[in-house]
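Notes for the structure review
Okay, here's what each chain looks like letter by letter:
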Amino acid sequence: MPITFSTSRDVPDDAPVLAIPVFADGTVPAGSPAELDNDFLAARDFQGKVGQTLPLLADDGTTILAVGVGAAGEVDDDVLRRAAHAAVRNAGKANVVAMTLLDAAPGDADRGRAAQAIAEGASLGTYKFTTYKSDAKRSSVERVVLVTRAGNHVQRGLDRGSAIASAVALARDLINEPPGAMTPRRMEEVARAVAAEGGLTVDVWDEERIAADGLGGLAGVAAGSDEPARLIQLTYDPPGARGTLALVGKGITFDSGGLSIKTGEGMMTMKCDMSGAAAVIAAMAAIPAVAPKVRVLAFAACTENLPSGKAMKPGDVLKIRNGKTVEVLNTDAEGRLVLADALSLAVEQSPDGIVDLATLTGAMSVALGRDIAGLFSNDDDLADQVGAAAERAGEPMWRMPLAKRYRKQIDSEVADIKNIGAAGQAGSITAALFLEEFVGDVPWVHLDIAGPAFRADEDGYLPKGGTGYGVRTLVDLVANYRKPSRRR
Ligand code: BES
Ligand code: ZN
Ligand code: ZN
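This one's a predicted model, so the numbers in the text were calculated from it and none came from an experiment.

**Some points on the overall build of the protein**
Of the regular secondary structure elements, the protein holds 13 helices and 19 strands. Over its C-alpha trace the protein gives a radius of gyration of 24 Å, about what one expects of a compact globule, namely 23 Å for 488 residues. The principal-axis extent of the C-alpha atoms belonging to the protein is close to 80 × 50 × 40 Å. On the protein, roughly 20000 Å² of surface is accessible, and the fraction owed to carbon and sulfur atoms is 49%.

Right under this line is the structure:
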């Protein structure tokens with residue numbers, strides 16, 4: 001059950017837990033309902049580190065939960081996310097948690113955005129994938145009351161944060177579902193449900209239409225599988241839209257590598273290979289609640305990648321929707337093949353910008369580790385807008401070079417291009433250069449999320465397994481998108 005969020009001027013009587021922010025120097029914000037003694041905190045090894053908590057029993061039987069928020073000058077939205085998460089996680093068996101965390105934000109902070117971050121942190125941190133657990137333990141917290149004197153925009157921020165957290169939870173669920181359950185056809189059902197809920201339009205390419213419309217990359221990857229592929233488009237089209245953004249997601253519901261098969265170890269987490277598609281579908285679930293004046297086209301290219309007697313073979317040549325031919329030399333470099341078709345379709349609808357998300361290369365997490373996504377772009381303005389959205393959303397990413405000098409690595413002897421570069425050399429860059437072949441001159445950002453999409457361990461409000469990485473950045477980007485007045 002999602003947590004409900006409300007605001008109150010006074011500390012509510014029925015909240016068994018009151019979380020108050022404590023800075024690294026042991027002080028609390030002015031006007032705090034409780035003062036805490038510095039020596040007392042120090043004696044209990046509490047240094048006010050972000051997310052650190054210390055429960056204290058008050059005279060009236062309620063628990064005062066001291067929540068560390070770090071140095072007073074450094075409280076930003078992600079500190080509030082982490083602190084709100086810590087408050088809810090350490091609320092014991094309480095159903096209602098009151099918190100004064102907004103008081104920790106600096107005086108010039110946007111309180112609506114800060115409230116949004118608090119709701120995100122509180123909700124995201126209670127996520128658990130329990131569908132297949134007989135003895136699922138859930139968080140007891142049902143209601144969070146933000147104690148504040150600020151007005152309506154704070155409640156609107158809480159509502160936004162709650163809608164975004166629900167969308168992130170949807171993405172996590174889609175990723176965490178077993179690959180036998182979350183097939184391309186199941187992805188279509190989910191997308192249809194999201195569309196019905198949010199008043200979006202749906203367009204789906206089934207296997208026949210994929211063949212008829214020349215989506216040769218998607219058809220090639222799907223050839224080895226008994227499950228039919230789906231290319232799913234969702235459209236959000238508000239009146240008075242100022243510009244159009246296309247979102248494109250890699251939706252390999254299981255990546256075995258195909259005939260260029262992975263090791264057993266290598267495919268253990270490969271149900272996560274549809275995390276890009278999950279992020280764009282889930283973002284579309286939250287976008288109506290944010291109501292941006294931007295048209296949004298979301299494409300999810302979904303198929304399994306399996307070996308069989310019908311599978312594409314190393315050496316095969318595929319023809320992509322935009323007419324380019326690709327020599328497939330490694331069937332495990334399949335993401336770029338399905339994205340090539342989806343990007344081509346997106347370009348046909350003349351968007352002002354395209355953002356794709358894909359668990360594209362293992363090389364990306366070699367370069368940037370498991371927490372940070374790589375950003376590649378042919379357009380500085382869109383790259384900056386995506387980077388700024390990611391910063392606000394608290395999703396780390398780093399811009400990588402789309403280095404033209406490596407383009408010759410994907411020249412092919414027999415076709416227009418081949419689907420792999422030189423072994424062990426800038427594999428994430430050559431993958432991005434491959435995608436660039438299909439975006440024409442449309443401003444485009446490619447996010448390689450192979451690192452942050454799926455976690456081996458939990459970290460604060462990020463759970464083990466599917467993280468829903470990208471959903472928050474996409475929603476923020478769409479909400480704040482400015483169409484450039486002039487193209488590059
Ligand atoms: N889905 C994988 C990339 C991946 C690896 C994502 C690990 C998340 C964690 C992708 O389809 C793939 O297999 N890429 C190959 C490309 C290579 C054959 C050029 C890779 O990274 O090894
Ligand atoms: Zn692969
Ligand atoms: Zn893959």
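**What to know about the coordination of the zinc ion (ligand 2)**
Listed as protein donors to the zinc ion (ligand 2) are Asp255 (OD), Asp332 (O), Asp332 (OD) and Glu334 (OE); their distances from the metal cover 2.0 to 2.2 Å. What the six donor atoms of the zinc ion (ligand 2) show is an angle range of 71 to 169° at the metal, which sorts the shape as irregular. Summarised as a motif, the one-chain spacing of the donors to the zinc ion (ligand 2) is D-x76-D-x1-E. Separating the zinc ion (ligand 2) from the zinc ion (ligand 3) is a gap of 3.2 Å, which Asp255 spans by donating to each of them. Here Asp332 lies in the loop between β12 (325–327) and α9 (335–348) and Asp255 lies in strand β9 (residues 244–255), a separation of 77 residues in the sequence. On the basis of relative accessibility, which here comes to 3%, the residue Asp255 falls in the buried class.

**Thoughts on α9**
The end-to-end C-alpha distance of α9 is 20 Å, a good match for the 20 Å that 14 residues give at a rise of 1.5 Å each. Among the 14 residues that make up α9, twelve are buried, leaving the element largely enclosed by the rest of the structure. What α9 keeps buried is the set Gly335, Arg336, Leu337, Val338, Leu339, Ala340, Asp341, Ala342, Leu343, Ser344, Leu345 and Ala346. Ser350 occupies a position one or two residues after α9 and carries a positive phi of about 50°.

**Side note on the pairing of strand β13 (residues 353–358)**
With six of six residues buried, β13 lies mostly within the body of the structure. Inspection of the sheet shows β9 paired to β13 by five bridges, in the parallel sense. Of the residues in β13, the one forming a bridge with Val248 is Asp356. With five bridges joining them, β13 and strand β17 (residues 444–448) adopt parallel strand pairing. Counterpart to Ile354 in the pairing with β17 is Trp444.

**A few points about the coordination of the zinc ion (ligand 3)**
Around the zinc ion (ligand 3), the protein contributes the donor atoms Lys250 (NZ), Asp255 (OD), Asp273 (OD) and Glu334 (OE), at 2.0 to 2.4 Å from the metal centre. Taken together, the six donor atoms coordinating the zinc ion (ligand 3) and their angles of 77 to 173° define a geometry best described as octahedral. Along the chain, the residues donating to the zinc ion (ligand 3) fall in the pattern K-x4-D-x17-D-x60-E.

**Examining the domain arrangement of the protein**
Each assigned domain of the protein is listed here: domain 1 (4–165) and domain 2 (182–479). At the interface, 15 residues of domain 1 touch 13 residues of domain 2. Around 1100 Å² of area is buried between domain 1 and domain 2 when both sides are counted, 63% of it from carbon and sulfur atoms. Run the count over domain 1 and domain 2 and you get six residue pairs in polar contact (both at pLDDT 80 or more). Where the side of domain 1 that touches domain 2 is concerned, the elements lending two or more residues are α2 (77–89), α3 (111–124) and α4 (152–176). At six residues, the largest contribution of residues to the side of domain 1 that touches domain 2 is made by α2. Here the residues of the side of domain 1 that touches domain 2 are counted per class, giving four nonpolar, three polar and eight charged.

Definitions and limits used
- Residues numbered from 1 in each chain as written.
- Chains lettered and ligands numbered in written order.
- Predicted model: local features only at pLDDT ≥ 70, side-chain atom pairs only at ≥ 80, totals over all residues.
- Heavy atoms only, no water.
- Helix = DSSP H or I, 4+ residues; strand = E, 2+ residues; numbered from the N terminus.
- Rg over C-alpha atoms; globule rule 2.2 N^0.38 Å.
- Areas by Shrake-Rupley, 256 points an atom, 1.4 Å probe, with all protein chains shown as cover.
- Donors = N, O, S within 2.8 Å, 3.2 Å for Na, K, Ca; no water.
- Tetrahedral: all angles 85-135°; square planar, octahedral: opposite > 155°, others 65-115°.
- Buried < 20%, exposed > 50% of the residue type's maximum accessible area, 1.4 Å probe, protein only.
- Expected span 1.5 Å × (residues − 1).
- Pairing = 2+ DSSP bridges.
- Domains from an automatic or database assignment.
- Contact = heavy atoms within 4.5 Å.
- Buried area = accessible area lost by both parts, 1.4 Å probe.
- Polar contact = N/O pair within 3.5 Å; in protein donor to acceptor, adjacent residues only side chain to side chain.
- Nonpolar A, V, L, I, M, F, W, Y, C, P; charged D, E, K, R; others polar.

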